[in-house]
Amino acid sequence: MPSSHDWINKPLGVVEAMFAQSNSNPEWEAKVLEYFKGQLKEKESHSWVPSLNDVPLHYLKPNSLVKFRCLVQDMFDPEFYMGVYETVDPSTKANVLRCGKYKDVTECGVDLNSRNTVTAERQTFYCVPIPGESPWAKEISFLSAARVVPSTSYVPSRQKRSYEEDDDDMDTQPQKQREPHTETPQIQPHGNGDSKRQETEAPSSQTTTPSDCSSHLDLNFPLPGERGPACLVKVYEGLDSFKLNDTLEIYGILSVNPVLTVLGEENMETPEEQRAHDPPASLVPRLHMLYARPLQHNNPLLPSAPTEDQSAFVSSFLVEMASVRAELLAYLTHVLLGDGLAAEYLLLHLISDVYTRRDVLPLGKFTLNLSGCPLNSYTERLYQIVQQLVPCSYRLSMSLHTMNSMRLVPKKDYVANRLVSGALQLARNTSLFLDETQLEQGQLDSSGVRNITALGNLISWQKVDYDFSYHQMEFPCNINVLVTSEGRSLLPSDCQVPLQPQVTPPNMEEYLTTIHMAQFTSQINKFRVYLSLARTLDYSISDEVTKAVEDDFVDMRKDDPQSVTAEDLHRMLVVARLLSLSLGQTTLSRDGWMRAKHIDMLRRSRTEQQKSLNGNEP
Amino acid sequence: MSSPTSTPGRRKRNRDDIPATPKSTRRRGQDSSNGDLPAMPTSPATDIASPAVHDTSLFSSPRRSVLPSEVDMSSPLMYGTPSSRVEARQRPDLGSIRKAPQVDLHSEPPSADGAVASEQALGQKLVIWGTDVNVGTCKEKFQRFLQRFIDPTSNEDENAGLDLNEPLYMQKLEEISVVGEPVLNVNCSHVQSFDADLYRQLISYPQEVIPTFDMAVNELFFERFPDSILEHQIQVRPYNALKTRNMRSLNPEDIDQMITISGMVIRTSQLIPEMQEAFFQCQVCAFSTRVEVDRGRIAEPAVCRNCNTTHSLALIHNRSAFSDKQMIKVQESPDDMPAGQTPHTTIVYAHNDLVDKVQPGDRINITGIYRAVPMRENPRQSNVKSVYKTHIDVIHFRKTDEKRLHGLDEDSDQKLFTEERVQILKELASKPDVYDRLSSALAPSIYEHEDIKKGILLQLFGGTRKDFSQTGRGNFRAEVNILLCGDPGTSKSQLLQYVFNLVPRGQYTSGKGSSAVGLTAYVMKDPETKQLVLQTGALVLSDNGICCIDEFDKMSDSTRSVLHEVMEQQTLSIAKAGIICQLNARTSVLAAANPVESQWNPKKTTIENIQLPHTLLSRFDLIFLMLDPQDEAYDRRLAHHLVALYYQSEEQIEEEFLDMAVLKDYIAYARTYINPRLNEEASQALIEAYVDMRKIGSGRGMVSAYPRQLESLIRLAEAHAKVRFSDKVETIDVEEAKRLQREALKQSATDPRTGFVDISILTTGMSATARKRKEEVAQALKKMIQSKGKTPAMKYQQLFDDLRGQSEAAITKDMFEEALRALADEDYLTVTGKTVRLL
């Protein structure tokens, strides 16, 4: 590793040096950002920066550069701070100008009445790890990060553990040897990864224990049972470019000064507010942002930066696309008890994405209602399989109790002055698995009704109305909703597919486990890359095909105007789009359109069948 | 204490509170005016040596000598008045201390002093240190302003009853002398138009200028009304600083300036008594002394000056002076926020009589001074958190929704349009096809339904509000109500969503989920104060806006009944938990309903299809059917539209249609500034149209129009004139209104049996032909029973079969039952179970 890692270990030194050189020329601020951006642009350099997601906080050096993959959960009010201030040396009485940027506390002996003080503005974002991030995504990003030297004290300790547990890592400098592997994600057999995971879990659970003890401190994660560090990110530049619920990879200077929690005893704030805004730095570290990269996805198997090597990666994968799709389809067919059509739709659903909005109408959403699901933990297993495929997911079991008691919609708490999160505050492209098979008969109370309405709004408009007590505020979202139900779901959906099992395994659990175990991790990883990649492809329709589609629609309506409505055309256009993308085609072909029409026809005949069946029932 | 020499710092009160130079606004942060900070241990107290820039003698008027002892005479800005009878009152809103922090003037570079000095030398003009304010000139200017300012075009409600051609503020002073409320509210825009320089000073140095204004006003007032008795001296409260900002745009450069921001109160604290002046008494010799608060702290005198005993002074609470203070949290209003971000909040401190003026939920405009206070230093620690706490000291509150209570017209100051914007809008309005342009810009993702969009467009503009209360009819409804009904999945909800997103005061509810309470208002007990609070529901909240109600048909009857009052009288009466009131609910209703049989049955009338009471239906100006037209050309256009939706890029779409923002502004502008009236021709056209409508019906023995239809015709014509930005309703407006109403009627009030437009479907729930047929069936049945001879009882089923056999037309069971009921009403027979008995 290059020795010039000062920009990681002592970024503040770099900042201060630049400030000193600048002679109060305000341009130095831009220079600092340029510098760090430049450093991070270098090949692989961003992987040298330790990640707050993977490395327990107490292993990280204070005031070093760290990165954090996170979701902006709340935005606090902007604050003014001393951008430049003057200190007086008590012994020499000499005045020194100092820079207050990227710091929480000032040096001693601030001259508060100095004329050289510059007040500047910054904003604090409350950031949490991406909610519902699948274990495999965490694990892979951890493993790839740990192999490269993290410039923290964490490495030796990890090695020590390795001696005890893992023969593989006996090498005193495992990082260097392993380095080539990081280029192409190598896939370990699943079991091995698990043991590694446990190993890394251990220290991180240690860090969370204090927070468990001080249970009064609610870290405000959107989903229950989440863990990981929450972080107060101080943002200096480009405040308007960030939005709530953005997923970012933030590079910043870690600040865990214990002074932070001691100060501010004489505030007008309520204790709740203080707790929410100034939690102990040992639990909620501060991060002074130098650079933030918006994440299009959090799949660690894909190159994250939209650079040349991404397009190279994409084009190399495109060749494989069709074959991977076939394999994935076969896999899903097995999982869906031999139902090929449902598998096809599930695949389309998994790559769907709200790619744009026309006034209020979100385009590209594809909510799937899988009806006729067998009871008894089938849905749970199904979710586990979905979870293995997508980087972000959450299963909401829609039992009467959870619907009545759970907080789905984020709500502003004016006493603590923060946005109390809810389960629908999710990152883009999170798979939300609504398990309606858990719903039983009974009374929904008012909060239950609100929750159901919120789910309905989410599905129909892809938006969540956050509760600000005096008014509601609409936040657009992009969440893939999959509803499993026995009959037709009570929630709206874009597309309902009744499941028609071809096999009835005597032991469902065993059956699904065997299917799952039969897949190599390398295979699964291919699926993961495939699903994330297919979503990012561009798509267009040529004029010629447009014409054909129009003609087709008119023809269909001619035969039976009742059978095909505008709604159906909407859906078929989405299906055609997803179908093309799933095959790696970026334009719609006539063939693609015919296929889309065909599978939609199959699906509809199936729902009609279902309907007439139900109709016959007394 | 009263000796000027003993408190050299006081004289310089203004020095420290002020930024060094007018230009260096960025340095304001350091300023300690608000500072609750003790002097830094490291900064030596060299202030005494600093030069006193202003000459106190300049300000000392001979009358000053009779000031109350506690008023600092040496300060040029203290609250001394010519008349000593009225006690001055401290103004904590201008800074919690009105004295100079006694620190650090030494760091002042000579250049600034030099500038001031040179100015001094030039015209013997003395300015308050750090500003360019000369107290004498400033005072003079303000007095001139008060005496001369006339605003003939004023339309503020505050000025109601004042003679607009007389100096406005002199009248207000007169009012003060009568009413005795010693507060003078000054509109900053008046100051600006009168004297821009004075205005600039007021905005930049409120802390110095406002006390000067106070002084000026009091001199003037007591000259004029020497005998008036006031509680305390008049305080000037400027408002509407044109530097009105949204909370988001506040930045360090605004510190210590006067700003006006708007927002919503979200929390208020309990009253906080803040000590202004401490009273100490010596335990030994009973000598008493007063100490004023200095940057939030009271320095306890260590030695009694009288008997020289150390540490003998004790604080006497009862004789200390306190002022009221309240912390208020204000959140930025949702309209000001960029999408996807959370609202900001600001802490606001209200003082004295402004305490408890506002309550959570109020929307207010705040005028005040923006402050930044460094975090208090902890003596045990060497490091300080480098963050400032910011807040606003309120000078003036103004509730923005206050007007709604007064029932005055639309809030005109709510939305300010820039010149260029108005120009753009006017240009757009002058285009001949503006109406079509706007209607196609409305919800572009929804295909066709041009007439429906036009109807909604007119609803967005609304008619002209007319007041007939003198003739006993009260207000005429100006709002247009629209009902959309039709097959499920015809993008009705989408249209509603769009409208809800377009209008500033829109509400969206679903008939399924809302109760009467949620729509109207409910009484809630505040958990903290145990006070009953009236919480308003969707209809009241959308006053002056549009209330979108989806699934109108799913609404329970009791809920719907609430709408009767709202949709015609535009008010809402509430009698609940001891609160009886009538709230304004001048809302337009845009409702969507699904047919009862899930699919629209073209063989049935509107009423039969949606099963809504006709009393409610007749209150809708326009009822549209959104049906699948089912023809090939339409299908092709629809397909083209939808496919285009999926492949056109964002830019292409933008080019095609008007920006939503422009549309919003256009509507807001028209609603605010355009109030069209009917001209002669238009009234004639309206009369003709109405007579024509009645004629059509009378030919067939039915009534095809009611006065309600005429009223809605007028509303639609007015709205159309508004679209054109025209102050007159002309014949073309009436033509369009007629066309639209005819279209809507054609769709919704066509008798499916005859194909004629029949308004009675909507007004009575049954078409004339249906009524006729019902009678015929009843007569046929009666004849049949009579022909059967004297049979007192008959089987129900058999009678039905017989009738069916006899009649040429098909008779349904419903029709048969209706006929039976009609005969029963005539007391001809009774139906009990399965038998029919003659009477």
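Since we're looking at a predicted model, the values are computed, not measured.

Thresholds, definitions, all that
Residues numbered from 1 in each chain as written. Chains lettered and ligands numbered in written order. Predicted model: local features only at pLDDT ≥ 70, side-chain atom pairs only at ≥ 80, totals over all residues. Heavy atoms only, no water. Helix = DSSP H or I, 4+ residues; strand = E, 2+ residues; numbered from the N terminus. Buried < 20%, exposed > 50% of the residue type's maximum accessible area, 1.4 Å probe, protein only. Contact = heavy atoms within 4.5 Å. Areas by Shrake-Rupley, 256 points an atom, 1.4 Å probe, with all protein chains shown as cover. Pairing = 2+ DSSP bridges. Axes fitted to C-alpha atoms, helices over the stretch in contact; angles between N-to-C directions. Parallel < 35°, antiparallel > 145°, perpendicular 65-115°, else oblique. Nonpolar A, V, L, I, M, F, W, Y, C, P; charged D, E, K, R; others polar. Expected span 1.5 Å × (residues − 1). Salt bridge = Lys/Arg side-chain N within 4 Å of Asp/Glu carboxyl O. pLDDT = per-residue confidence, 0-100. Core = buried A, V, L, I, M, F, W, Y, C linked by side-chain atoms within 4.5 Å. Phe/Tyr/Trp six-rings, centres within 6.5 Å; stacked < 30°, edge-to-face > 60°.

*Asks:* I would appreciate a short explanation of the overall build of chain A in the present structure.
*Replies:* If you tally the helices and strands in chain A, you get 20 helices and 17 strands. Within chain A, the proportion of its 618 residues that are buried is 58%. The long-range share in chain A, meaning contacts at least 24 apart out of those at least 6 apart in sequence, stands at 78%. Surface summary for chain A: the accessible area is close to 25,300 Å², and the carbon and sulfur share equals 51%.

*Asks:* Mind showing me how you'd approach the pairing of strand β4 (residues 231-235) of chain A here?
*Replies:* For a regular strand, side-chain orientation follows a simple rule: the groups alternate between the two sheet faces. Residue and element names in this part refer to chain A. Most of β4 sits inside the fold, with five of its five residues counted as buried. Where burial is concerned, the two faces of β4 agree: the one with C231, V233 and V235 and the one with L232 and K234 are both buried. Sheet topology note: the β4/strand β6 (residues 286-294) ladder contains three bridges and is parallel. From the neighbouring strand, V233 faces β6, where its bridge partner is L287.

*Asks:* What is the right way to look at the sheet that holds strand β26 (residues 835-838) of chain B in this model?
*Replies:* Residue and element names in this part refer to chain B. Pairing in this open sheet of three strands is antiparallel, and the strands run β24-β26-β25 from one edge to the other. Of all the strands in the sheet, just β24 (793-795) and β25 (829-832) have a single pairing partner and so form its edges. Shown here is a sheet whose adjacent strand axes are inclined to one another by a mean of 25°, direction ignored. The pairing of β25 with β26 spans four bridges and is antiparallel. By the bridge assignment for β26, V831 is matched with V836. Where helix α28 (residues 796-806) meets the sheet, its contacts fall on β24 and β26, and the angle it forms with β24 comes to roughly 75°.

*Asks:* I tried to follow the packing of helix α11 (residues 419-430) of chain B against helix α22 (residues 660-673) of chain B on my own but got confused; where do I start?
*Replies:* What describes two packed helices is the angle between their axes and the distance between those same axes. All names here are of chain B. The geometry of α11 relative to α22 is characterised by a closest axis approach of 10 Å and an angle of 85° between their N-to-C directions. Our classification of the angle between α11 and α22 gives roughly perpendicular. For the pair formed by α11 and α22, the contact residues are R421, V422, L425, K426, L428 and A429 on the first element and A661, V662, D665, Y666 and Y669 on the second. Residue classes in the contact of α11 with α22 are distributed as eight nonpolar, no polar and three charged.

*Asks:* Where do I start with helix α19 (residues 566-582) of chain A in this structure?
*Replies:* Here α19 of chain A is 17 residues long and its end C-alpha atoms lie 24 Å apart, about the 24 Å a rise of 1.5 Å per residue gives. With its phi angle positive at about 80°, G584 of chain A sits one or two positions after the end of α19 of chain A.

*Asks:* In this structure, what is going on with the pattern of salt bridges? I would like to understand it.
*Replies:* Oppositely charged side chains may form a pair once their charged atoms are brought near each other. All names here are of chain A. For the structure shown, the criterion picks out 34 salt bridges over all chains. A salt bridge links E474 to K463; its shortest N-O distance comes to 3.3 Å. Of this pair, E474 sits in strand β15 (residues 472-476) while K463 sits in strand β14 (residues 463-467), placing them eleven residues apart in sequence. Since its relative accessible area comes to 4%, K463 is described here as buried. Residues joined by salt bridges that share partners form a network here, namely D568, R571, D600, R603 and R604.

*Asks:* Explain the confidence of the model for chain A here, please?
*Replies:* As a general rule, the predicted coordinates of low-pLDDT regions are not to be interpreted in detail. Averaged over every residue, the pLDDT of chain A is 77; the share at 70 or more is 82%. Counted against residues more than four places away or in other chains, residues 147-215 of chain A, with its pLDDT under 50, gives 92 contacts.

*Asks:* Is there a simple way to explain the side chain of N298 of chain A in this structure?
*Replies:* With respect to the secondary-structure elements, N298 of chain A resides in the loop between β6 and α11 (308-335). Excluding anything up to four places from it in sequence, N298 of chain A contacts I130, E133, A137, P391 and C392 of chain A.

*Asks:* Before we go on, may I ask you to explain the nonpolar core in this structure?
*Replies:* In a soluble, globular protein the nonpolar side chains are often hidden away together inside. Ranked by size, the top nonpolar core spans 81 residues in total, and within it L328, Y331, L336, Y345 and Y378 of chain A carry the most contacts. Per-element tally for this core: the top contributor is α19 of chain A, with nine residues. Apart from residues no more than four positions distant in its own chain, Y331 of chain A is found in contact with I385, L389, I515, H516, Q519, I524 and F527 of chain A. Formed by 57 residues, the second largest nonpolar core is a distinct cluster that contains V360 of chain A together with Y498, A719 and A737 of chain B.

*Asks:* I would appreciate a short explanation of the pairing of β15 of chain A in the present structure.
*Replies:* All names here are of chain A. Of the two faces of β15, the one holding M473 and F475 is buried and the one holding Q472, E474 and P476 is not buried anywhere. Where β14 lies against β15, five bridges are found, and the strand directions are antiparallel. The partner of K463 across the bridge, within β15, is P476. Between β14 and β15, which pair antiparallel one after the other, the connecting turn spans four residues, and S469 there sits at a positive phi close to 65°.

*Asks:* What is the right way to look at the packing of aromatic side chains in this model?
*Replies:* Working definition: an aromatic ring pair is given by the centre-to-centre distance plus the angle between the planes. Counted by the stated rule, this structure contains 23 aromatic pairs over all chains. On the numbers, 4.3 Å between centres and 35° between planes, the contact of Y466 of chain A with F475 of chain A is tilted. Y466 of chain A gets classed as buried once you look at its relative accessible area, which sits at 1%. Among the residues examined, F475 of chain A registers a relative accessible area of 3% and is labelled buried. Relative to Y169 of chain B, the ring of F149 of chain B lies with its centre 6.2 Å away and its plane at 45°, an arrangement referred to as tilted. Taken together, the residues span a long stretch of sequence, with F149 of chain B in the loop between α5 (135-148) and α6 (168-179) and Y169 of chain B in helix α6 at a distance of 20 residues.

*Asks:* Got a minute to help me understand the sheet that holds strand β16 (residues 479-484) of chain A in this structure?
*Replies:* Pairing between the strands of a sheet comes from backbone hydrogen bonds, and it takes one of two forms, parallel or antiparallel. All names here are of chain A. The five strands are arranged β10-β13-β16-β9-β17 in an open sheet whose pairing can be described as parallel. With one partner strand each, in any of the chains shown, β10 (393-397) and β17 (495-498) form the two edges of the open sheet. With strand direction ignored, the average angle separating the axes of adjacent strands in the sheet is 20°. Two elements, strand β9 (residues 368-371) and β16, share three bridges in a ladder whose sense is parallel. Note that in β16 the partner of N369 across the bridge is V483. Contacting β9, β13 (430-435), β16 and β17, helix α12 (residues 340-350) runs over the sheet at an angle of about 155° to β16. Of the strands in this sheet, β9, β10, β13 and β16 are in contact with helix α13 (residues 378-389), which crosses β10 at around 165°.

*Asks:* What should I look at first to understand α6 of chain B in this one?
*Replies:* Residue and element names in this part refer to chain B. Helix length check: α6, at twelve residues, gives a terminal C-alpha distance of 16 Å against a target of 16 Å (1.5 Å per residue), a fit within 8%. Every buried residue of α6 is listed here: L168, Y169, M170, Q171, K172, L173 and I176. The inward-facing, buried residues of α6 contact α5, β1 (183-187), α7 (188-194) and α9 (206-224). Where α6 ends, the next residue or the one after it, G180, has phi of about 85°, a positive value.

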